[in-house]
Amino acid sequence: MLKVEHIGIAVKSLAVSVPLFEKLLNTPCYKTEEVATEGVATAFFRQGETKIELLQALEAGSTIAKFLDRKGEGVHHIAFEVDDIYAEMRRLEAEGFTLVHPEPRPGADNKQVCFLHPKSTNGILIELTQERKA
Ligand code: ZN
């Protein structure tokens, strides 16, 4: 794994939280994007080498809606950048970690992503993320 690429934070409302994080980080949100397949709207901030990704549910029953119901707003996942997502998925599976999906999926910010189930990672949802090559 190369570095922490971003930290994902679940919020109830981007309209409320984007201005809050702009003040907190003293930097403007540079991108908002909806990922329809995941039922989520995202907003990104750059902080040095790392990004902050805010996640708002677009529909009841989506992953983020369920998370907010269970735990409320807060840190949702940590994303690590990898240079070969398939190789890293195979390595982690062989080490006994549980992949949420067997294949990488399209993520926000031109990435392909894969999640590790928190039950195999001390309760932390881990995302692997790799730049999608055009
Ligand atoms: Zn993420």
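Owing to the predicted nature of the structure, the values given are computational and were not obtained by experimental measurement.

The set of residues buried in helix 2 (residues 63-71) consists of I64, A65, F67 and L68. The buried residues of helix 2 occupy one face: seen down the axis, they fall within an arc of 160 degrees. For helix 2, the exposed residues set more than 90 degrees away from the buried face come down to D69 and R70. Phi for G72, located one or two positions after helix 2, is positive at around 80 degrees.

Turning our attention to unusual backbone geometry. Here the phi dihedral of N110 falls at roughly 60 degrees; this positive angle occurs in a residue that is not glycine. Within the element layout of this structure, N110 appears in the loop between strand 6 (105-107) and strand 7 (111-116). Overall, the relative accessible area of 38% leaves N110 in the partly exposed class. A positive phi is found at N122, a non-glycine position, where the angle reads about 55 degrees.

About the criteria used
- Residues numbered from 1 in each chain as written.
- Predicted model: local features only at pLDDT ≥ 70, side-chain atom pairs only at ≥ 80, totals over all residues.
- Heavy atoms only, no water.
- Buried < 20%, exposed > 50% of the residue type's maximum accessible area, 1.4 Å probe, protein only.
- Helix = DSSP H or I, 4+ residues; strand = E, 2+ residues; numbered from the N terminus.
- Arc of directions from axis to C-beta.

Geometric descriptors of this kind do not, in isolation, establish any biological role.
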